[in-house]
Each structure stands twice: as structure tokens, then as C-alpha cells.
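# Fold and contact review
Single-letter residue listing:
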Amino acid sequence: MRSVPTWADKIQDAEKQEQCIYDLCFNPNGLQLIVASGNRVLVYDTTDGTLIQALKGHKDTVYCVNYAKNGQKFASGSADKTVIIWSSKLEGLLKYSHSDAIQCLSYNPLSNQLASCAITDFAFWSAEQKSVQKHKINSRINACSWTNDGQYLALALGNGAISIRNKLGEEKGRFERPNSPSIWAISWSIAPDEQDTLCVTDWNKSLSFYTLGGKLIGKDRNIGFDALKVKYFSKGEFIMICGSNKACNMYTKDGIKLGTIGDQQSSWVWCCAVHPDENFMVVGCQDGTIAYYQLVFNTVHGLYKERYAFRENMTDVIIQHLITEQKVRIKCRDLIKKIAIYKHRLAVQLPERVIIYELYSNDSNDMHYRVKEKITQKLDCSLLVICGEHLVVCQERTLQSMTFQGVQEREWLLESPIRYIKIIGGPPKQEGLILGLKNGQVWEVHLDNPFPILKVRVPSSVRCLDLSQRKQKLAVVDETGLCQVFSTKDGELQYQEPNTNSIAWNTQYEDMLALSGPNVLSIKIENFPAHKQKLTGFVVGLSGSKVFCLSENTMTTLDLPLSGPMYQYIENKMFAEAHRVACLGVTEGDWEELAHSALENLNFEIARLAFVKLQDYGYLELIRDLQDRQRKGDNNHDVMIGDILAYKGKFKEAARLYQKAGQEHKALTMYTDMRMFDQAQDYLGSNDNTTLIRQKADWAKNINEFKAAVDMYLSIGDTKAAIDILGEQGSADQLVEVGRKLDKAERGPLIEIAEHLKRLDKSNAAAEIYKRLGDSAAVLSLHVNAMEWAQAFSIVQTQPQHKELVYVPYAHWLAENDKFVQAQRAFHKAGRLDEAFHVLQQLTRNAVDECRYHDAGYYYWVLGQQCLELTRENDEMLPKMLPKYRENERLAGIFYAYHSLHRYLEEPFTSFMPEALFNISRFLMTEITENRPKGISLFNVLYCLSKQAKKLGANKFTKQILDKLQSLKIPAKFQEEVELATISARARSYSDPEDLLPMCYRCSTYNPLLATSNRCVNCGQKFVHSYVSFEILPLVEFHLEDSITDIEAVRLIETPPGDKDHNMKDEWRQEINENAETLQLDADYEEPKDPFTTRMSFDDESNKEIATATLNRAGLLALDSSAVLICKHPPPLRYQFYRNLLPDLQIRLCDYCFKAFHVDDFELQLLQKGHCPFCRSSSETQNIIDDEYLTF
Ligand SMILES: [Zn+2]
Ligand SMILES: [Zn+2]
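Quick look at the structure, then. (Residues numbered from 1 in each chain as written. Chains lettered and ligands numbered in written order. Predicted model: local features only at pLDDT ≥ 70, side-chain atom pairs only at ≥ 80, totals over all residues. Heavy atoms only, no water.)

## Section: the overall build of the chain
Counting secondary structure elements, the chain contains 31 helices and 63 strands. Compactness check: the chain gives a C-alpha radius of gyration of 71 Å against a globular reference of 32 Å for 1192 residues, more than 25% above the reference. Taken along the three principal axes of its C-alpha coordinates, the chain extends 215 × 90 × 65 Å. Looking at the 1192 residues of the chain, the share that counts as buried comes to 52%. Here the analysis covers contacts within the chain between residues at least 6 apart in sequence; of these, 44% occur between residues at least 24 apart. Accessible surface, the chain: about 55,700 Å² in total, of which carbon and sulfur atoms supply 47%. Here the chain contributes 136 positively and 155 negatively charged side chains, and the mean placements of these two sets differ by 12 Å. (Helix = DSSP H or I, 4+ residues; strand = E, 2+ residues; numbered from the N terminus. Rg over C-alpha atoms; globule rule 2.2 N^0.38 Å. Buried < 20%, exposed > 50% of the residue type's maximum accessible area, 1.4 Å probe, protein only. Contact = heavy atoms within 4.5 Å. Areas by Shrake-Rupley, 256 points an atom, 1.4 Å probe, with all protein chains shown as cover. Lys, Arg positive; Asp, Glu negative; His and termini not counted. Charge placed at Lys NZ, Arg CZ, Asp CG, Glu CD.)

Below, the structure is given as C-alpha cells:
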């Protein structure tokens, strides 16, 4: 702190006698100063020291003055024993008196009650109370002070004691101070946390602090003089004490002396006061001097990069990290005179010593300092610098380096006083310093070199200087505010800027200088014009985009917009530099500008870095592509720029550049890629317009604008592409339309259209096209595919060569629809006999595999019919086909029967009667014994037979069957059952019931149950079974004499009995005689014997061949037609004739398969199934066989 004299006065009386100033005080607003001088109270204007008024009222020396805190009045006390209360308008308000001289006055800070103290008493006065309350006291009161809360008044007594009084004047405490001399000055602290601390001085030259309770705080300090006045200020941080030392000293609140304020006076200083705003103070002296000073608080600080160390409250060092905003405080408890900071070192100079601190760690953000060394020396210096291992002290022209132990190492003497020192770094013990001298010289000094080097010279005293980051440039500001920047290499002046008060190079960027001037901050790069912005204060540091400014004793960190400098570089196409500036911190927008500018100037490296920063991968891709091309030698500038512009969407400009480079095709591609076909048109060049339209059409197709695409394709004659789209889209109508416009010669497209139409089920439309193309086969297949058989067959009628095209698929279709007979016929019509057989055989096999034996039987029957039919069409087929027919017939019967047996085995609860099952299984046994068809299980047949036989009591037969079964491989699940049956059968009698034995109706022989064929063992007559119950029917077949045709035989049989005349009877008889004589066993008969009932002996083996009766015409005539059944087989088969030997038993034949049935059975089946159970024919189905398409 410095004090600058503002004004002074010296008071003398009329006789030029010095008038001691015993007391003075400011009014609360600080505009007036009240001074006790001689008999008068003087009022000064504080601004310039004008005496406003000299108040007269006292008759003797005025000892004390005091202003009320509310500013309404003040009081003066005098040796004339009176107290006068004055108004703020300087009028005497009232006067009261004590019994002796008034020593001191103090207004209560809260109640504005006035305490007036004299030698033997003290009093309280307030405007509210009319009387003055007086309190006696046994010692002289030299000083008094109210506590800050106005509750207690401390009285300093001439006997060295302190008396604490409450507002009523009662003594509440008393500090006796043995052997203490008189106390002349006391004051309660005003520090917020120490308000009950009383500062006491006495005439033993000591300074002490007490609590309200009278406890001594710390210890007494000797201040070296007798104090007359104590005043706290600066929020209680400091104390001013004046007295016999003829000066006013400043102390910390702990009593540490900080220095002297104002000048040394020539007499005792009796009083002092601090202006309410604390910028001014005043002292009053014995010799009448009133000295008024301005207080200037010097900034004691140091800065190294982001660390700023400064003094606070005179005794504390605050280290502020300007980036992290962290702060630490070091309390030195002594007046700090200088602070120096460098790297991890901090030096603090105190009056008697220098303390060196260091950081705990190397962490750039560490803020923990510890004491490293103490140099106990009193140094006089104007500048202090700390280096790695040295302290550098500067005083006037002298620069000294010393170790941390206080040993002086080197001394330099310069031509002129040193004004500014900047440490420029270097290894420890060799650090360099740049010195700015009063004479304008700038020197460089190194700690290990005794010889300074003159760097540059400026016209006037150096105010400050700074060296750039890489030490390439030196900026010097002189006293006139001119900043000059020199190259350090040759000392050449690079540029200069006027009106500068402070400078700082960017510690992260060589070429950037910050300059502060009056209310302006300039940023300068290279020698471009400086960028200016508003700023109050001084720039002291610049790091990246952070600028450190000192303004009104506080350091602030500001974000520096670096866009300006960056744009300057960009304007000058200095992209690398612009990038480096950008790296210090610019906005996203600035980065974009840099990126794009660099790119447009083909500075790919910087552009790449900028786009990486922006994370714009699209542009990075583009740059890589351009760089690739560049490497391959594709260096056309216009084209590259064009590409960049195109990428940015500046198509017009890009196209123009492509054109300029003679590469119109790139423009064309660009526009067509962008679907900007109109613009593309302008760059067609030699290219065919067709290409463009095709691209346009392709695009339209891609974006599903199919109609437009089709129109465009058609316009350029690309019918195929149009058709493809229409086909994909299923636009049948349009396809037809396109097809109609096409010439017949354009087969390819027409066929494609037809194919599409076909696929779209528009067979008529497709057919139309095929017809135009004359492709009737295709038309046919269309109809076939659509199963439009009528249309198909109508074409075949005129073009029989395509018959196969229709019949085969038709047959398949029929077969798929279970119309096998029709299918067969269709195959026949198509001439595909093999196919016909094959399909049916396959169906048959499938049916067997799937155990659909009734279906298998049916298919065999159909197969048999086919065989027959073939013979009818082709006589040569007869020898081959007839056995096939018979075999199929046999199989049909077997599978038909086996179906029922199978069902019984699979589903034991069938409705079949045991007799029926017995008959069926016995029928099967006889049929398969010699030739078992694949798919029929002999075991099943025998097993079923044995069970039924047992049920029916045919024990012998059961045993026989079981014996047969034993020779077969018995399925595991039946094994036990068969064995049990075999054992139990042994217990029964070995015979069969006679009514169960099959009787031959031809020869009346009972056949054994166990048989290997379906013929009579005696006569060889084939048994005829009912095809429902499979019992043996009383039918006996007869043959015709060779000369009789089937038709004649039928006529003869059907001749009514009345027409059968006697002649014929004779003939009949004669015939019999002639033809059947060998049948006669008995010679004497009247009537010819019925050849069917004649019991015949077939002992002669040769007779078996003729077991079948053969009838002549008379025989036929004699037959009762109702007892004759005729199987009217179609050719080439002959009719078969049967006689029913039990005419009461009604039997009928199926009209189609000629199987025999009991009438009741057959009619029931017809009712249930609607057709013959065996051949599935009915009058109805027979009609369907004659399918409408097969009737040609
Ligand atoms: Zn027989
Ligand atoms: Zn039938």
C-alpha cells in the first residue's frame, strides 16, 4: 500500500501558535472532516481540503470529536468541561457539562446514545432523555469504545485498567493490568468474526488484544512507541496506530506491523481516521498538521502461464489457477512485499526474509505448495524473480542472482534502471531473462553468463515486454504505449501497434499476440490487421483461446474468440496456420468454414483434419477419393473442384466446371444420377438422347413410377423393357394394348407378352396373340393349362395332329379327379396306351400299398376291361390281351374279397356274419393257394378262416387250417393265439358239420372244406360265388352246341313255353338221345332227364373234361328262361349261360361286370353305394363314362 498526499493544512491560532490536533473524524458519507483544533471545531471539505467552517462554542481546548453513525449530529468535548452537540448542518444543538475536562466521546453505533467521559465521571446522553446520566469513576478516562452491537462500553483508564460498562453505566467487567501505565487508545475490532476483541495500547509501548471477558489474546507486542489512537479499518483486517512515533503505522489485526502510512511527521500524531470508503486517511498532529492521503493499494503479484499469485490482505498469497479456477491461500502473517512465481516455484518476499515454496507434485493442476527454503535476509529490491534454483533480485541498475540459501552468485550492472524482467526459461541454473530498461534497451541475461546481450532498443523507457512461444519474436511496449515486435534473429522490426499498455504472446501459438490498450483488446497474427474487441484492464497472459486480464486488482480469464485470426489465415489461403489456430478453440461453424475452404482450395490434408474434427465421414470419403485420383495422375483442377461442388449440391457450378474441363459427360452423369434430366439435357453432347431417356426410364422404374417408365421405354422403342415392367406389375390390359400395336413379325416381344398374359391367367388374351402368331399348339396348351377342355377339343377337331397335346393332360386331369375310366379312354384316344396302363397300374399299386384293397380290386377290374377293349380295337392283340384280362379279373375278385377280410382283421367289430367271413376267407384260400398275388397275406386268410371255422364248429377244418398256419411264419402278435387255438382244437372231435361242406350243384357231391381250387373235386365245375356274401350260388354253367350262336341261344331260351311245340319236344328228346347219350346212366326213362340234375359218376378221369353240360337247341328251348342267367360279355368274349338250379332263390347279375348276387344283397348295395359293389357301375355312371369330349 502506498499513500499519496492529497491535501494538508496546518492550524495556527491568531498568534501563529501551533494548535495541537487532538482528534478528528469523518461524517458517515465522508464528505466532511471534523477536526478538534484549539478552541474550535473545524469542518473541512474532504475533496480538496477547503475549510468549510470553524465552529465556535468552546471556551477551551477541544479534546475530542465524534460523529453519530446516523449522520445527524456530532459532538465535541472540551477542556472547558462541556459537551456540545452539533447538527449535521453545523449548528450547535445543545451543550451539557461535566465537572472536569472532557477526555473522550463515543456515539453508540446502534442507539446513537453519546458516551462522554471526563476525569472523574462519565455520562450518557441521548436526544430522547432530557437529563444526562452521570457515573462517577475513580480514575481518569483517556479513551472509550462501544462494542459493535452497542451493548458495552469499554473505558480505558489512566491507572492502566479497562472497565466494561453496560448501557446503564454499570460496571460489568474490569481488567486490571498490574504495573501497567496509562492507556490512551483502545478499540473494539470490526472484523466480522472478532467483534469481541478489544485492541488495547498503553504507554508501555505495548499492543495487546483482549476478549470481552478480559482474557488476553496472544501476547503483548512491543510496538516501540506510546500510542495515542487506534483505528481498525478494511473490515477489521488492519489496524492503524499513531502516537509518539510521529507517524501512523499499519498493523495486521494480529498486530504484525505492515508499514507506515503517510509521511513521517515532525511531531506526535495524536489522531488518525480512515475515510468511510477506505481510499483516504487523515492524521492530526501535535504541531497542528492535518495531512490527508490517498491510499493506493499496490498489487503485489506474479504470473507464470496459468498460475497467478497475488497478495491479499497484505499478508496472504493467493495462487489462482486461471484455467481450473482453483485457488489456494498461503498465510504469511507478515507484510508481503514481492511475489515471484515460475514453474513449480514460488517466492514470497517478506520484510525480513524470503520464503521459497515449491509444488508437491509435477501435476500441472496441483495446487499444493510447501516451504522449500527460507532466506533470512532483508532485501531491497524493485523486482524479484525466481528461477529453478535461483532468486534474482533487481534494484535499480543492479541485477543479482542468489541461491536459495541466500548466497549471492553473480551480479550484473546495466546502463539504466531495470523496469521489467521476463524470465524466458532454460535449464535450471542457466535460465535466461529479458530485461527492459528505462533507457529503452532490452537485454538478455543468462544466469550462467556474466555478459548481458543487447537485443533491441526502443526510443523510450520499456514498460513491458514478452517473448513469443518459440522465442522467434520479441514484443516491447514502451512508455509512450507503442508496441514494437522484433524478430529475435536479427532484431528487425516486424510491425508496431500504438496505444498499447500490455501484451502477451499466446503460449500455444507462436504468431499470436494479444495487446491491450485503453478499453480494447487486440489480437494480432502475422502482420495482418489486429482484431479488436472491448476490454477494460490489462492483458497479462494468453494461452490457447484463454486470455488472462487484470482489471481492478482481479484476474479474470476470458474466452478469446479466435475465429477472426482463423479467417484471416483462410483469406490468405494459409490453411495450415488456420488449422492450428482452429485447434486452439473455435466454434463448430468455424471448423466447417475451414474444412470447406481448404477443400475448395484442394488443400486435402487440412480439409481432412477439419472433417475428421467434424466427424463428417461423407467428405472424408470424398477427400480420399480425390487424393486417390491425384495419386493416379488425375489432376484436372476444374474437375476436382467440380466434384467437390457437386458433392456440396452446387450442381450448376460443378457442371460449368466439368464443361470447362471438356468433360461434359461428368455433368451428364451427375444430373442423371440426381434425376435432374432437364439439366442433363444441356450436357448431352454427342450422346444419343435415347440413353438419357433410358436412364430416366430406369430411374422412374426404380422409384416405382411404372407407367411413366413404360411410356418412356416405348418411346425409345425398348418394347422388351416395357413389357418386362408390365409383366412384373401384372398390367394385363396394357400388355394386350402393347401387343396389339406390335407387328406380327415381332415374335419375341409378342411371345413375351403372351407368356405374361398366360401367367396372369388371361388365357383368352394370350390365345389371341398366339393365334396371330399362328401357333395353334401354344393356343392349345393355353387352353389345356386353363383346363378349358371345350376350347381345346374344338381346336383338336380341326387340327388332329395336336391330339396328344390335349388328351394327355386331359387324362392326367381326369385321373387326378378320380375319373380313371375316362382317363383311360382319354389316353387311348391320345394313342398313349402305355401311359394308360402305367397310370392305372400305379394307382393299383398305391391302393395295395395303402391297404385300400377294394380300390385295388376296382382298378384291376378296370384294367381288365381295358385289356378287352384293346382286343376289340385290334384283333392282333387278342392272344396277348385275353390272358391279361382273365388275370386282372381274377385279381379284381381276390382284392375285392380280401378288402372285407382285411377290414375284419383291422376292425374286429365289423358287421360281417361269421358265415360270410368264412365264405370270403375260404374263397380267398382257394383262389390264392396256387398263385398268391402280391399284397395278399396267406396268413391273414388262413387265420381268419381258422377263427370262423372254429366258431362254426368245423373242428376238423380248423385243425387242418391251423396245421397249415404252423408251416407259415406267424406274426409275433398272433403267435400265442394260434398256439392256444391249436392246442384247444385237439380237444375237440375231428369232424366238420355236413351243412358247412360246399355242395356241387352239378354233381351233388359234397366237397371237402380244405380245397386248393374253386372247382368241384368231383366234376370240376367251377363254383359261382355271390359277390357280397361269397356263399356258393346254385348256378351251373352250360355251353352251347357249336352251331348255336349266342344270339340264337338267347332267342331260344326266351321263347315262351307255349311256343315250345311237341315237334320240338321230339326233337328235344331226339336231340338228347343223339347228343347226350353218354350222360344216360339209366336206359329206360320216359322223359329225358334234366342234364343239370343228373348225378354223374366221374370215376373215369376222362369224363371230367366234359363236366359242363352242353345243350342243343331242344335243350335250350326246354329251359325255363326265368331260371337262366346270361352274362352278355361284349366281344370278343362269348356269352356265358347259367342255370339256376334253385329258381326260388332270386339271383341277378350285374349288367357290367356280370358278377352274381343275391337280388336282395345287390339292391341293398345299390341303395347304399349307388352302384355295383364290385365294378362300381350303375346306369348313371355308365353315362358319365361317355364323356362329352370323348364322343367322337
Ligand atoms: Zn361237381
Ligand atoms: Zn358289377
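## Comments concerning the coordination of the zinc ion (ligand 1)
Within the protein, the zinc ion (ligand 1) binds to Cys1000 (SG), Cys1003 (SG), Cys1016 (SG) and Cys1019 (SG); these donor distances fall in the range 2.0 to 2.2 Å. Considering all 4 donor atoms around the zinc ion (ligand 1), the spread of angles at the metal, 100 to 116°, places the coordination shape in the tetrahedral class. Judged by relative accessible area, which is 1%, Cys1003 ranks as buried. Since its relative accessible area comes to 4%, Cys1016 is described here as buried. (Donors = N, O, S within 2.8 Å, 3.2 Å for Na, K, Ca; no water. Tetrahedral: all angles 85-135°; square planar, octahedral: opposite > 155°, others 65-115°.)

## A few points about the coordination of the zinc ion (ligand 2)
Ligation of the zinc ion (ligand 2) by protein atoms is provided by Cys1150 (SG), Cys1153 (SG), Cys1172 (SG) and Cys1175 (SG), these donors lying 2.0 to 2.5 Å from the ion. Coordination at the zinc ion (ligand 2) comes from 4 donor atoms whose angles at the metal span 98 to 119°, giving a geometry best classed as tetrahedral. Read from N- to C-terminus, the donor residues coordinating the zinc ion (ligand 2) fall into the pattern C-x2-C-x18-C-x2-C. Take Cys1150 and Cys1153: they sit in the same class, and that class is buried.

## Comments concerning the sheet that holds strand S41 (residues 418-425)
Strand pairing in a sheet relies on backbone hydrogen bonds. The paired strands run either parallel or antiparallel. In space, the 4 strands of this open sheet follow the order S41-S42-S43-S44, with antiparallel pairing throughout. Only two strands of the sheet have a single neighbouring strand rather than two, namely S41 and strand S44 (453-457). Pairwise comparison of adjacent strand axes, ignoring direction, gives a mean angle of 25° for this sheet. As paired elements, strand S43 (residues 441-446) and S44 share 4 bridges and run antiparallel to each other. In the sheet register, Val442 faces S44, and the bridge partner there is Val456. (Pairing = 2+ DSSP bridges. Axes fitted to C-alpha atoms, helices over the stretch in contact; angles between N-to-C directions.)

## Examining the packing of aromatic side chains
Considering all chains together, one arrives at 41 aromatic pairs under this definition. Judged by centre distance (4.6 Å) and plane angle (65°), the ring pair of Tyr619 and Tyr647 falls under edge-to-face. Taken as a pair, Tyr619 in helix H5 (residues 617-631) and Tyr647 in helix H6 (residues 637-648) lie far apart in primary sequence, 28 residues in all. An aromatic cluster is defined as three or more aromatic residues linked by ring pairs; in this entry it consists of Tyr22, Tyr63, Trp184, Trp203, Trp268 and Trp270. Sitting over the face of the ring of Tyr360, Arg370 holds its NZ or CZ atom 4.7 Å from the ring centroid. In this arrangement the basic side chain of Lys524 is found over the ring face of Tyr495, its NZ or CZ atom lying 4.4 Å from the centre. (Phe/Tyr/Trp six-rings, centres within 6.5 Å; stacked < 30°, edge-to-face > 60°. Lys NZ or Arg CZ within 6 Å of the ring centre and 35° of its normal.)

## So, the packing of helix H24 (residues 938-951) against helix H26 (residues 972-986)
In the contact formed by H24 and H26, the axes pass within 12 Å of each other and the chain directions differ by 40°. Classified by the interaxial angle, the pair formed by H24 and H26 is oblique. Relative to H26, the crossing made by H24 is left-handed. Across from Phe939, Tyr943, Lys947 and Lys950 in H24, the residues of H26 making contact are Phe974, Glu977, Val978 and Ser984. (Parallel < 35°, antiparallel > 145°, perpendicular 65-115°, else oblique. Left-handed = near helix turned anticlockwise from the far one by under 90°.)

## Some words on helix H21 (residues 853-873)
Taking 1.5 Å per residue as the helical rise, H21 with its 21 residues ought to reach 30 Å, and the 30 Å between its terminal C-alpha atoms agrees with that figure. For H21, the tally of buried residues reaches 18 of 21 residues, placing the bulk of the element in the interior. (Expected span 1.5 Å × (residues − 1).)

## A few points about the pairing of strand S47 (residues 483-487)
Burial runs high along S47: 5 of the 5 residues are buried. Burial of S47 is two-sided: the residues Cys483, Val485 and Ser487 facing one way and the residues Gln484 and Phe486 facing the other way are all buried. Pairing analysis gives 5 bridges linking strand S46 (residues 473-478) to S47, with the strands arranged antiparallel. For Val476, the partnering residue across the bridge sits in S47 and is Gln484. Connecting the antiparallel pair S46 and S47 is a turn made up of 4 residues, with Gly481 showing a positive phi of about 90°.

## Remarks on the nonpolar core
One finds Leu757, Leu924, Phe957 and Phe1174 to be the most contacted residues of the largest nonpolar core, which totals 112 residues. Those residues in contact with Phe957, other than ones at most four positions away along the chain, are Phe918, Met925, Leu945, Ala949, Asp992, Leu1009 and Leu1010. If you look at the next biggest cluster of nonpolar residues, it comprises 55 residues, including Ile523, Ile525, Tyr569 and Ile641. (Core = buried A, V, L, I, M, F, W, Y, C linked by side-chain atoms within 4.5 Å.)

## A few points about helix H30 (residues 1159-1169)
Three or more residues of H30 are buried, namely Val1159, Phe1162 and Gln1165. Within H30, the buried residues cover an arc of 130° as seen down the axis, which keeps them to one side. Exposed residues on H30 whose side chains face more than 90 degrees from its buried face are Asp1160, Leu1167 and Gln1168. Where H30 ends, the next residue or the one after it, Gly1170, has phi of about 85°, a positive value. (Arc of directions from axis to C-beta.)

## Quick notes on the pairing of strand S25 (residues 257-261)
Bridging between strand S24 (residues 248-252) and S25 involves 4 bridges; their strand directions are antiparallel. Bridge pairing in S25 links Asn249 to Thr260. Adjacent in sequence and paired antiparallel, S24 and S25 are bridged by 4 residues, among which Gly255 carries a positive phi angle near 95°.

## Thoughts on the pattern of salt bridges
Per the counting criterion, the structure on display carries 39 salt bridges. Asp316 is paired through a salt bridge with Arg329; the nearest N and O atoms lie 2.7 Å apart. You can see Asp316 sitting in strand S31 (residues 316-321) and its partner Arg329 sitting in strand S32 (residues 327-331), a full 13 residues away along the chain. Of the residues examined, Asp316 reaches a relative accessible area of 6% and is grouped as buried. Between Arg353 and Asp334 there is a salt bridge whose closest N-O contact spans 3.7 Å. With Arg353 in the loop between strand S34 (345-349) and strand S35 (354-359) and Asp334 in the loop between S32 and strand S33 (338-342), this residue pair connects regions lying 19 residues apart in the sequence. Looking at Asp334, the relative accessible area reads 10%, which means it is buried. Look at the salt bridges and you will find they share partners, linking Arg165, Glu171, Arg174 and Glu176 into a network. (Salt bridge = Lys/Arg side-chain N within 4 Å of Asp/Glu carboxyl O.)

## Things to note about the sheet that holds strand S15 (residues 152-157)
Strand order in this open sheet of 4 strands is S14-S15-S16-S17, and the pairing throughout is antiparallel. The sheet terminates laterally at strand S14 (141-146) and strand S17 (171-175), the two strands that pair on one side only. The average undirected angle you get between the axes of adjacent strands in this sheet is 20°. Both S15 and strand S16 (residues 162-166) contribute to a ladder of 5 bridges, which runs antiparallel. Bridging across to S16, Ala154 finds its partner in Ile164.

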